[in-house]
Amino acid sequence: MRTMSEEKSPLDRLLARPDFKPFSGPHAFRVLDLAKKRLKMPPVREEDVLKAVSSLGVVLETEVAMIIALQQRLCQRCGNCCRSRGSIRMKKEELQIVADTLHMEYKKLKDRVNAVPMGDGTFIVSQPCPFLRGNLCAIHPVRPSTCRGYPVNELLFTMGQGKNFEGCPIADPLLTEIVVKRVLEEQMWREHPEELKIMAEKRRGELAKLAEMPQAERMRVLTEEYARALLKK
């Protein structure tokens, strides 16, 4: 027998969260259109798709890790993020790693890319990025964290401000992946509730083991886990 909290479906539990704000506007309609194309209706219910898009007002930590892992696969290699964001913030340690990778002196590289110190251990490098070659990143394996987290970090920040994100062509497909995941979970809750419960309990146990980690380290572990799973597909 389900408990009172389990009486609500996964989507209804998200919509009932105190921090929930519905995802709406032109961006939501674009994601809705993509999700409908990805999912077959029926057996998937259109109501579930609509609720799943609205539920993007809350994105879970595991889902953030999932789309960070996915963004590398979905990237269109257009180079726009290296040209049009205005500037890139790099940590001193990150610039040092780039210098070591390129076999250059740190100060020489700093001067070459005109890295402006911000007084907090970081630098601003103006765009277009000096490491861009055509549409490809010349330092991709050691690119700074601000690049590794793009577009997901800026996408979620913009959504949190209640604004539409227009900065990257894969933003809508990434959000669509979350919608598809939630719709399929909703369908499973209805048709195979015990299997979903077992999966959820297993996941809670796995996450409990990571609970004492700093947030950044936990996100790294989760992202690497999803990246490995993607390689198996």
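In case you missed it, the structure is sitting above this.
Residues numbered from 1 in each chain as written. Predicted model: local features only at pLDDT ≥ 70, side-chain atom pairs only at ≥ 80, totals over all residues. Heavy atoms only, no water.

Some details on helix α12 (residues 215-232)
Inclusion rule: The numbering of helices and of strands both runs from the N terminus, where a helix is a DSSP run of H or I of at least 4 residues and a strand a run of E of at least 2. Multiplying 1.5 Å by the helix residue count minus one yields the expected span of that helix. Each residue gets one of three labels from its accessible area relative to the maximum for its type: buried under 20%, exposed over 50%, partly exposed in between, using a 1.4 Å probe on protein chains only. Should any heavy atoms of two residues lie within 4.5 Å, those residues are counted as being in contact.
Counted at 1.5 Å a residue, the expected span for α12 with its 18 residues is 26 Å, and the 26 Å between its end C-alpha atoms agrees. For α12, the set of buried residues is R218, M219, V221, L222, T223, Y226 and L230. Each element contacted by the buried residues of α12 is listed here: α5 (61-74) and α11 (193-210).

Quick look at the sheet that holds strand β1 (residues 87-91)
To keep it simple, the criterion reads: Criterion used throughout: strands pair if DSSP finds at least two bridges between them.
Sheet architecture is open: three strands sit in the order β1-β3-β2, paired in antiparallel fashion. Strands with a single pairing partner mark the edges of an open sheet, and in this sheet they are β1 and β2 (116-117). Direction of pairing for β2 relative to strand β3 (residues 122-126): antiparallel, over a ladder of two bridges. Bridge pairing in β3 places P117 opposite F123.

Considering the packing of aromatic side chains
To keep it simple, the criterion reads: What counts as a ring pair is set by centres within 6.5 Å for rings of Phe, Tyr and Trp (its six-membered ring), and what kind of pair is set by the plane angle: stacked under 30 degrees, edge-to-face over 60, tilted for all other angles. Whether a charge sits over a ring comes down to the Lys NZ or Arg CZ being within 6 Å of the ring centre and within 35 degrees of the ring normal.
A complete count under the given rule lists one aromatic pair for this structure. Above the ring of Y150, the side-chain terminus of R85 is found at 4.2 Å from the ring centroid.

Some thoughts on the environment of M159
Assignment of secondary structure puts M159 in helix α9 (residues 152-160). Residue class for M159 comes out buried when judged on its relative accessible area of 14%. Setting aside chain neighbours within four positions, we find M159 in contact with F23, L56 and L175.

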